Amino acid sequence: MLEKLIVASIVLSVCQSAQLPSDITKCKFGDGKCIAESAAYTASKYKNGLPSMGLLSIDPIVIPEVSILEDKKSKQQKAVNINLWFKDWNMYGFSQMKVKKIKGFDKEFSGKITYDAFIPQIVLVGQYRISGQVLVLPIQGEGFSNLTLDNCKLHVEATGKEFDKNGIRHAALTGISRIDMKTSRLHVRLDNLFNGNKALGDTMNQFLNDNWKEIYDELKPGVLDALGQVVVNLVNNVLTKVPYDDLMIDDTLAP
């Protein structure tokens, strides 16, 4: 899935080169502080996207499908054993992110990118289907879901490479080598649990929220995988549309 997104974004984006809009600060190569501030400004100002530079919508970010499946081969006793599918997820919150650090955009592209950001709140809404067991309680249902994460600290390490298109230097991310996200709280709302039995549904939703840490540990791999795909797709649509040497200012060149 990730590889398909990478290839598709490169093929679709390199057909026509673009320039940064005049209101987006053009930073010096390697100036992490400036690049972080410029990225946060762009995400806030152009949250609905900017087709001219290949920027996709940031609020919301649409995620077609996420699946979290029980590992039946594992012999480890787990508090949460569920099969959970999310479909047509809309992710809100990234336009409010505060980018803490971006490293790797040097004059000589190293192919190693580090990104740290704080997002005050991420809201994920869409359709879900679930079956399995949470602690000692069985759970099943399908319908509308809302997952809200507070005070998210996102850390991403990505790999990338340069490529040449018609004599012009471009860059692209090739994958995620490490991704993690810490949150101070997860709020869960799953509608229509137990075929719409309100009493059982309300009780289970309360139980899920009372045990949110265990629930987040189970959801985290699937959520992070989806976030990794989002990061690669978003960044590549810009990197492969705008030539690498047009993204930054080269202060080593003589005036």
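Here the residue numbering is sequential within each chain, running from 1 through the sequence in written order. In keeping with the model being predicted, local features are shown solely for residues with a pLDDT of at least 70 and side-chain atom pairs are shown and tallied solely at 80 or more, while totals for entire chains, interfaces and linings include all residues. Note that water and hydrogens are dropped before the side-chain values are worked out from all heavy atoms of the structure.

**Details of the packing of aromatic side chains**
Logical step 1: In this scheme Phe, Tyr and Trp rings, the latter by its six-membered ring, pair at centre separations within 6.5 Å, and the angle between planes marks the pair as stacked below 30 degrees, edge-to-face above 60, and tilted otherwise. Applying the stated criterion across every chain yields a total of four aromatic pairs.
Logical step 2: Their ring planes at 25° and their centres at 4.3 Å tell us that F86 and W89 sit as a pair that is stacked. A single burial state applies to F86 and to W89, both of which are buried.
Logical step 3: An aromatic cluster of three or more residues is present, and its members are F29, F105, F109 and Y244.
Logical step 4: The ring of W85 carries R129 above its face, with NZ or CZ at 4.2 Å from the centroid. Burial status follows relative accessibility: with a 1.4 Å probe on protein chains alone, a residue under 20% of its type maximum counts as buried, one over 50% as exposed, and anything between as partly exposed. Only lysine NZ and arginine CZ atoms are considered, and such an atom sits over a ring when it is within 6 Å of the ring centre and within 35 degrees of the ring normal.

**Here we look at the pattern of salt bridges**
Logical step 1: Salt bridges are counted wherever a side-chain nitrogen of Lys or Arg sits within 4 Å of a carboxyl oxygen of Asp or Glu. Counting across every chain of the model gives 13 salt bridges.
Logical step 2: With a closest N to O distance of 2.7 Å, E37 and K33 form a salt bridge. One end of the pair is E37 and the other is K33, both in helix α2 (residues 32–45) and four residues apart, which spans about a single turn.
Logical step 3: Take K33: its relative accessible area is 60%, and that puts it in the exposed class.
Logical step 4: Here D202 and R189 are joined by a salt bridge, their closest N and O atoms 3.5 Å apart. Pair noted here: D202 is in helix α3 (residues 198–210) and R189 is in strand β8 (residues 185–190), with a separation of 13 residues, a long-range link.
Logical step 5: The exposure class assigned to R189 is partly exposed, which follows from its relative accessible area of 38%.
Logical step 6: Linked through salt bridges whose partners overlap, the residues forming this network are K107, E162, R169, D245 and D250. A run of H or I in DSSP becomes a helix once it reaches four residues, and a run of E becomes a strand once it reaches two; helices and strands are each numbered from the N terminus.

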